[in-house]
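One letter stands for each residue in the lines below.
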Amino acid sequence: MLFPPSSTVFGPSSYLSTAGTPRPPTMPGPPLPGQTAAGPPVSQPNHVFSPPPPSPMAGPQPGPPMSGLHGPPLPTHPPQPGYQMQQNGSFGQVRGPQPNYGGTYPGTPSYGSQPGPPPPPKRLDPDSIPSPQLNELPPQQKPRHRIDPDAIPSPIQVIEDDRNNCGSEPFVTGVRGQVPPLVTTDFLVKDQGNASPRYIRCTSYNIPCTSDMAKQSQVPLAAVIKPLATLRPEETLPYLVDHGESGPVRCNRCKAYMCPFMQFIEGGRRFQCCFCSCVTEVPPHYFQHLDHTGKRVDFYDRPELSLGSYEFLATVDYCKNNKFPSPPAFIFMIDVSYNAVKSGLVRLICEELKSLLDYLPREGNMEESAIRVGFVTYNKVLHFYNVKSSLAQPQMMVVSDVADMFVPLLDGFLVNVNESRTVIASLLDQIPEMFADTRETETVFAPVIQAGLEALKAAECAGKLFIFHTSLPIAEAPGKLKNRDDKKLINTDKEKTLFQPQTSFYNNLAKDCVTQGCCVDLFLFPNQYLDVATLGVVTYQTGGSIYKYAYFQLETDQDRFLNDLRRDVQKEVGFDAVMRVRTSTGIRATDFFGAFYMSNTTDVEMAGLDCDKTITVEFKHDDKLSEDSGALLQCALLYTSCAGQRRLRIHNLSLNCCTQLADLYRNCETDTLINYLAKYAYRGVLSSPVKAVRDALINQCAQILACYRKNCASPSSAGQLILPECMKLLPVYLNCVLKSDVLQPGLEVTTDDRAYIRQLVTSMDVAETNVFFYPRLLPLTKADVDSDSLPAAIRNSEERLSKGDIYLLENGLNIFVWVGVNVQQSLIQNLFGVSSFSQISNGLSTLPILENPFSKKVRSIIDMLQMQRSRYMKLIIVKQEDKLEMLFKHFLVEDKSLSGGASYVDFLCHMHKEIRQLLS
């Protein structure tokens with residue numbers, strides 16, 4: 001169980017006390033280790049803003065479990081659900097340790113903790129590290145907190161607790177409305193009738209029965225769906241069910257697919273739809289008798305009756321023009337302008353493709369991939385290559401009329417890799433030589449996509465274009481762009497134009513690509529502005545991926561680019577995909593976020609959909625739901641596999657429904673909520689001023705928490721901030737979204753960076769947004785070189801760093817290794833192979849391979865993190881007090897940011913103020 005049963009004995013909830021609320025006198029708590037009992041008198045009223053005196057105590061709170069600074073369970077209370085909060089973070093001379101927050105202690109507000117028994121002997125938490133000594137801290141860093149950062153909810157603690165509670169047992173999906181373990185917990189899933197949380201995660205697993213209740217709480221009801229997600233090796237892939245020519249069994253009215261929640265009646269001759277209640281005849285070939293419980297006797301033999309996720313083989317009726325598809329094609333389109341050639345990029349791509357073409361995706365046990373390949377190079381004109389297996393040498397054909405794009409050859413452009421191997425190898429050897437002396441600096445872009453699209457049309461197949469592009473397309477051609485980058489627009493009403501495409505041409509091109517099943521993956525290598533907001537439109541709307549390598553240099557960026565390219569070419573992908581989400585009566589899908597195209601209000605169309613892409617769906621009430629029947633979602637994805645097989649992948653999920661707000665707040669998933677809110681905000685910047693988007697986010701979260709305070713927490717002073725247990729990290733994570741580069745850019749962040757991140761986040765899954773907004777910070781010097789485990793993470797704040805240690809920070813795009821100025825010489829020697837701090841080179845992008853346990857351990861940690869992420873992260877070595885440190889500090893998200901973002905403590909106070917205003 002994720003939630004403690006309501007009989008668990010619990011300490012009181014968490015509060016932040018704000019200024020000036022007089023309180024009754026309180027019992028002084030025992031002195032803390034390392035502190036004397038002297039201090040200000042404990043009964044004075046609490047003011048947060050002057051030197052912080054302690055805050056008085058608060059009584060127990062009924063209602064759902066609440067987060068907070070729990071004392072040890074107190075026998076005198078009526079039992080409350082919850083757990084004892086542990087101390088998290090740094091211990092040193094900055095503050096005395098506060099074991100379990102047993103009572104108030106002099107010097108720091110205690111946020112309404114309960115007077116309890118004397119503290120148990122101090123136990124250091126797994127993630128506690130020595131804090132920098134007071135005299136080591138630079139002046140601006142001396143603790144000046146009104147609120148002790150250790151006394152507010154810690155992401156590290158929540159992650160750690162969930163791992164301990166849920167990491168050892170498999171998550172069995174047989175129960176309706178079960179909240180899964182957090183994305184940061186490594187757990188095994190057993191499908192017993194609901195889709196794995198790797199495929200679908202929801203913002204809440206218990207949704208309000210009425211729209212009024214949903215409006216009152218302001219908790220968005222959304223699902224983050226990753227239809228082709230990669231499972232763990234021990235988990236079973238969805239079974240493929242073949243019903244022959246008759247195809248899958250479906251409801252006559254709403255067309256929902258057969259699933260575990262359908263009810264068989266009349267001895268098994270008919271079934272009642274769980275989505276729309278319509279009764280449908282069971283086709284004769286599908287008939288089976290029912291057992292004494294009303295279940296079909298073949299229940300366990302049929303994946304669609306017993307599992308949450310499965311696939312159907314689609315019949316010809318599910319195919320374009322009623323004919324089965326051909327296998328897809330991959331077309332590699334290489335920019336051969338001056339910059340691309342001079343940087344060594346063209347040669348690198350050609351060398352890599354020679355071996356990479358042997359690793360094209362293939363179905364299960366196939367000997368070779370069914371995917372055909374083609375090659376184009378371009379600058380101001382396009383060069384097509386005939387690589388037909390019967391030729392001795394490849395042939396080049398130039399199309400210089402880019403205004404009216406056509407493919408100059410049919411036979412010999414798309415070929416089987418094995419049959420044309422020697423001709424392809426010859427071509428890839430010749431391309432870098434052919435363009436070695438080019439002086440052409442201008443490029444076209446839209447005609448390149450049109451050429452790929454026309455080639456796929458002519459071959460009557462779907463496929464993917466891999467475009468390697470370096471500069472703003474200013475050459476005379478359709479889709480030509482101008483440099484419109486303008487930092488002066490930031491914080492004005494026109495800022496939104498920076499995120500919008502500068503012409504509608506690419507939207508129309510995207511529509512044509514989706515119709516054909518032509519997905520575009522874009523690898524960008526800019527040395528200056530190239531308008532990602534416009535160039536990315538086709539990629540974005542076709543379900544493709546963008547990769548960006550600014551100021552590309554062979555020696556530092558080659559590994560990252562090649563790893564990204566290899567994974568991108570090899571990963572599982574479906575083509576010509578259409579997804580529809582059906583729901584049971586009472587709610588319906590109303591809004592969609594992700595990389596796709598929609599031509600109507602229900603069908604999400606993607607030319608390509610890979611195993612990393614998510615589609616986020618929001619639901620709204622259109623009727624009442626009932627607690628008895630709950631609510632159901634069915635996601636159906638129709639797609640063509642890499643071998644050209646047309647399939648339907650089905651994911652089903654059942655949720656609980658509630659009439660009490662407390663039940664809603666007890667079953668929310670904050671990580672998924674943040675994923676949705678970030679996507680909602682990142683779409684908002686296309687049409688609204690950034691400030692309005694930020695304010696709306698803060699307001700919505702304040703309303704969510706105020707509704708909880710008003711309806712679920714027992715009456716208590718307004719000076720206390722009370723957070724629902726499973727939403728206690730909402731403020732810290734929301735602050736990270738508000739401070740992100742899209743919503744609050746620093747000076748060094750380019751317009752292209754912001755457009756790139758905006759598009760990236762929109763199709764991220766919950767695990768990716770979690771580490772992107774709240775990066776993982778690991779003390780490498782604390783790593784156990786003899787074990788396979790990672791060192792315990794610490795909180796993202798500069799005051800957690802010690803000058804004598806080395807830390808690693810990762811956010812899914814970058815890995816920083818921060819080296820303190822006082823790190824022992826032996827550690828520097830072991831990790832960097834140099835004898836002192838000053839000799840560590842600034843521009844390092846890889847760690848040297850050294851034969852010692854510390855070097856091996858750190859490199860294995862980095863390899864492990866790279867394996868977990870969908871992109872190869874850029875490694876950046878940062879020396880303390882070096883110029884790169886500013887970039888690193890940008891990711892210490894609990895601190896104030898240079899661009900004006902609030903610290904976690906300040907933001908929590910701000911949220912509290914907002915909540916109080918709403919309540920008054």
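Residues numbered from 1 in each chain as written. Predicted model: local features only at pLDDT ≥ 70, side-chain atom pairs only at ≥ 80, totals over all residues. Heavy atoms only, no water.

Visitor: What should I look at first to understand unusual backbone geometry in this one?
Guide: Generally, phi is negative for residues other than glycine and the peptide bonds are trans, each holding for most cases. At Asn-322, a residue that is not glycine, the phi angle is positive and equals roughly 50°. Inspection of the secondary structure assignment puts Asn-322 in the loop between strand 12 (309-313) and strand 13 (329-335). Of the residues examined, Asn-322 reaches a relative accessible area of 52% and is grouped as exposed. The phi torsion at Glu-881 lies on the positive side, around 70°, for a residue other than glycine. Relative to the assigned elements, Glu-881 resides in the loop between strand 29 (874-879) and helix 19 (885-889). Classification of Glu-881 as exposed rests on a relative accessible area of 58%. (Helix = DSSP H or I, 4+ residues; strand = E, 2+ residues; numbered from the N terminus. Buried < 20%, exposed > 50% of the residue type's maximum accessible area, 1.4 Å probe, protein only.)

Visitor: Help me understand the packing of aromatic side chains, please; the structure alone is not making it clear to me.
Guide: In this description, a pair of aromatic rings is defined by centroid distance and the angle of the planes. The tally for this structure, following the rule as stated, stands at 32 aromatic pairs. Taking 5.4 Å as the distance between ring centres and 70° as the angle between the ring planes, the aromatic pair formed by Tyr-310 and Phe-312 counts as edge-to-face. When its relative accessible area of 0% is taken as the criterion, Tyr-310 is described as buried. Here Phe-772 and Phe-773 contribute two aromatic rings whose centre-to-centre distance is 5.1 Å and whose plane-to-plane angle is 80°, an arrangement assigned as edge-to-face. Chaining the aromatic ring pairs together yields one cluster made of Phe-468, Phe-523, Phe-525, Tyr-547, Tyr-549, Phe-552 and Phe-561. (Phe/Tyr/Trp six-rings, centres within 6.5 Å; stacked < 30°, edge-to-face > 60°.)

Visitor: Would you take a moment to explain helix 6 (residues 421-434) for this structure?
Guide: The α-helix winds at 3.6 residues per turn, so residues separated by three or four positions along the chain end up facing the same way. The terminal C-alpha atoms of helix 6 lie 20 Å apart, and with 14 residues this matches the ideal 20 Å at 1.5 Å per residue to within 8%. Those residues of helix 6 lying buried are Val-423, Ile-424, Ser-426, Leu-427, Leu-428, Ile-431 and Pro-432. Check the buried side of helix 6 and you find it contacts helix 5 (345-356), strand 14 (372-378) and strand 15 (382-386). (Expected span 1.5 Å × (residues − 1). Contact = heavy atoms within 4.5 Å.)

Visitor: In this structure, what is going on with the confidence of the model for the chain? I would like to understand it.
Guide: As a note on interpretation, predicted positions should not be read in detail where pLDDT is low. Summary statistics for the chain give a mean pLDDT of 86 and a share of 84% for residues scoring 70 or more. Low pLDDT, under 50, characterises residues 1-145; the predicted model gives this stretch 350 contacts beyond four residues in sequence or across chains. (pLDDT = per-residue confidence, 0-100.)

Visitor: Which parts of the structure should I look at to understand the sheet that holds strand 7 (residues 221-225)?
Guide: Note: strands within a sheet are paired through backbone hydrogen bonds, in either parallel or antiparallel orientation. Judged by pairing direction, the sheet is antiparallel, and its 4 strands sit side by side in the order 5-7-23-21 without closing on themselves. Each edge of the sheet is formed by a strand with only one pairing partner; in this case those strands are strand 5 (200-202) and strand 21 (587-593). Between one strand axis and the next, the sheet turns through 25° on average, direction left out of account. (Pairing = 2+ DSSP bridges. Axes fitted to C-alpha atoms, helices over the stretch in contact; angles between N-to-C directions.)

Visitor: Please explain the sheet that holds strand 27 (residues 806-810) as it appears in this structure.
Guide: Across the sheet, which stays open at both edges, the 4 strands sit in the order 26-27-28-29 with mixed pairing between neighbours. In this open sheet, the two edge strands, each paired with only one partner strand, are strand 26 (776-779) and strand 29. Sheet twist, expressed as the mean angle between neighbouring strand axes with direction ignored, is 20°. In the sheet, strand 28 (residues 814-819) pairs with strand 29 via 6 bridges, with the strands oriented parallel. Counterpart to Val-817 in the pairing with strand 29 is Ile-877.

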